Amino acid sequence: MSSNAEATAGTAAAHARRPGVVITLATVVGALVLASAAAGRPPGVTSTPASRFLPADGQRVRYASPSGTRTGDWAVDALPALFGQGPSQLKSWLAVTELDWKQAVVTRLSTVEADGAGTVTGRRDDFYSVTGDGIRAEVSVSGDGTTELFVPGRLDLSATPSKDRTWSSEGALGVISPGREPVTHSYHVDYASAAATGTGLAGCIVVTARQRLDEQEPRTSQNTWCPGRGVVGFASADGTSWASTAAPEAVDPGPAEVFDWSAADRLTFSDGRINNVGDSMLLSLTQAPVGLPDGTAVAIQNTYADLVAVDTSAAVPDSRWRARPGGRPTSIAAINSLTVVATTGRELVAYGAAGDWRWSAPLSDLTMVPPVRIGDVVAVAALDGSVTGYDLSTGTQRWRRVVGIEIRTPMAAFGDRLVVIDQGGTLACLDESGTQLWETDAGTSETVAVTTGAEPVVVVPAGDAPRISAFSLADGRQAWQVRTPIVARSLVGLDGQVVVRDGNRTVAMDAATGTTRWTWDAERTHNATGGGDRVLLVTGSRVVLLDGTGRQVREWPLSLGVIDDNTWLTTSAGHVLLFGAQGMLLGVTG
């Protein structure tokens, strides 16, 4: 049975750049931005026969071949939600697509390819439209920026997928390569489907495609589609076969890499432009992005379900990679080049430096605070009052300890010790094996910090009274308690002292006695970080570096748009990152 009527011929060159197209594109991009916050999966997307073959939103895949592996995930969403994550090459596709962007449902398959040694060799984002006439390949963007646009979309799965069917698809294919003139081809593809055979493939079909560009010889490829699972295997045109595999990929995160605070006075900052409609990356943040050693920032998008890795080295940043971990991300941490994210799906998912999926593990409950590294374990605190340690290499659960009731305050660590405080005020200390070393009643608090140096203490500002307490990290005994009018908005643990910031004043307290060492109140502050004997303060107009005596060492002007308490500040090995309302700063010490 033929279904040629399900495909239509393309009518526009995929690389067209008419003035009217540019104006329309700007208008549509602005509308996409406005629509993205409320974007959702339109009703009825699962009601067509073809859409039954889509995987669940956030479903992860791993393919293996003799030459290596491909890992990735599927995102199924309304077009505005996926458009907002990049890559920027989607703007070229948006200018020529025949889809109604206001109604379109798109699925994105993001994959990262690695060779047999595990070295990443490339990444790719493939976007498919999901309409009443089937599933169409619309645009593909490789890691080097090479973009393929099909107009109309290539009909890779017909409206009524089943075995023993044939159909065809044709139109225009635009190829845009960095540094080259765009090229337009005509494409024609003939398809034939057959029942898939093999273990676990009941109800699946193998779709063979013979694609011809212009008058070239056809090239043959195959996709195996399964209901509810998407593409579970494929054979590329060069004859390489890729099959699904569940084998995890171990990753060695290496020793901890942290910012060298002794070099902070050598920081130089470069500007980046974000959140300017139409020409820059759009970020909606409710927590600080994390930094990777190469300067990439990985952010949880508040209005979307994606993780987005931002190229902070560019004046107009783009996304380096994007991932859909499933559900919505709730907390994130960077451990060297490994990004670990917890989700509302009660999963912990780890990604490599290129966004390659490394491992995932189930969580006992939701977690609202960032995971923390301790030794070769990443510790996760959950709303059920537990702290669980997962092997950094494989995601295997090593231990689980219930320390109290809900945990909503970020944890802190120093050396081989981890401290956590629950909503009832129980302060507990664990080692990297999960053994509870001590606990004490410290009162409720929204923040804790650990000082460094010879005799570290855990500093706990009271959530219901004007006092700050400190407890020995070694055995939990109370070291001191002082009354103070400061409402601690943030703490920074330094060598032998803790810096307490309340916005109007910044006060350093001695770790051994709680006495005030110095006070800085030259300007209102909105964020702070530090280490060793240095602390960085973010004010309304500058970044200020102070030493261990409170003396100003250096300052840098800010150009981040509006500066407030939602100005995010984070560090990684060799980098300091600041994110404001319409700009960001990347600081490097090299």
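Read on for a plain summary of the structure.

### Here's the deal with the pattern of salt bridges
- In the structure shown here, the tally under the stated rule is 29 salt bridges.
- Arg 324 serves as the salt-bridge partner of Asp 77, at 3.4 Å between the closest nitrogen and oxygen. Pair noted here: Asp 77 is in strand S2 (residues 68-78) and Arg 324 is in the loop between strand S17 (319-323) and strand S18 (329-335), with a separation of 247 residues, a long-range link.
- You can call Asp 77 buried: its relative accessible area is 12%.
- Look at Arg 324 and you get buried, because its relative accessible area is 1%.
- A salt bridge links Asp 133 to Arg 136, with the shortest nitrogen-to-oxygen separation between them at 2.8 Å.
- By relative accessible area, Asp 133 is classed as partly exposed at 25%.
- Through salt bridges that share partners, Asp 57, Asp 77, Arg 108, Asp 306 and Arg 324 make up one connected network.

### Considerations on the nonpolar core
- Counting residues in hydrophobic clusters, the biggest one holds 30 residues, and the most contacted among them are Tyr 63, Ile 135, Leu 157, Val 207 and Trp 225.
- Counting residues per element, this core draws most heavily on strand S9 (residues 205-213), at 4 residues.
- Membership of the second largest hydrophobic core comes to 18 residues, among which are Leu 82, Trp 93, Trp 101 and Leu 149.

### Things to note about the state of the cysteines
- Under the definition given, this model contains 1 disulfide.
- Across the disulfide, Cys 204 is cross-linked to Cys 226 (sulfur-sulfur distance 2.0 Å). Residues Cys 204 and Cys 226 share a disulfide whose torsion about the S-S bond is about 115°; that sign makes it right-handed. Residue Cys 204 is found in the loop between strand S8 (183-195) and S9, and its partner Cys 226 is found in strand S10 (residues 219-226); the two are separated by 22 residues along the sequence.
- Judged by relative accessible area, which is 0%, Cys 226 ranks as buried.

### Side note on the packing of aromatic side chains
- Taken as a whole and assessed by the stated rule, the structure comprises 8 aromatic pairs.
- Measuring from centroid to centroid gives 5.2 Å for Phe 150 and Tyr 187, while their planes differ by 85°, and the two rings are edge-to-face. In this pair, Phe 150 is assigned in strand S6 (residues 147-158) and Tyr 187 in strand S8, connecting sequence segments 37 residues apart.
- Taken together, the ring pairs in this structure connect Tyr 63, Phe 234 and Trp 242 into an aromatic cluster.

### Here's the deal with the sheet that holds strand S38 (residues 525-531)
- Taken in spatial order, the 4 strands line up as S38-S39-S40-S41 in an open sheet, and their pairing is antiparallel. Of all the strands in the sheet, the pair left with one neighbour each is S38 and strand S41 (552-557). Put simply, the sheet's adjacent strands are angled 15° from each other on average, direction ignored.
- Relative to strand S40 (residues 542-546), strand S39 (residues 534-539) runs antiparallel, the two sharing 4 bridges. Its bridge partner lying in S40, Val 535 is registered against Leu 546.

### Topic: the sheet that holds S10
- Taken in spatial order, the 12 strands close into a barrel running S1-S2-S3-S4-S5-S6-S7-S8-S9-S10-S11-S12, and their pairing is antiparallel. Neighbouring strand axes in the sheet, compared pairwise and without regard to direction, differ in orientation by 25° on average.

Reading the values: the criteria
- Residues numbered from 1 in each chain as written.
- Predicted model: local features only at pLDDT ≥ 70, side-chain atom pairs only at ≥ 80, totals over all residues.
- Heavy atoms only, no water.
- Salt bridge = Lys/Arg side-chain N within 4 Å of Asp/Glu carboxyl O.
- Helix = DSSP H or I, 4+ residues; strand = E, 2+ residues; numbered from the N terminus.
- Buried < 20%, exposed > 50% of the residue type's maximum accessible area, 1.4 Å probe, protein only.
- Core = buried A, V, L, I, M, F, W, Y, C linked by side-chain atoms within 4.5 Å.
- Disulfide = S-S within 2.5 Å.
- Phe/Tyr/Trp six-rings, centres within 6.5 Å; stacked < 30°, edge-to-face > 60°.
- Pairing = 2+ DSSP bridges.
- Axes fitted to C-alpha atoms, helices over the stretch in contact; angles between N-to-C directions.

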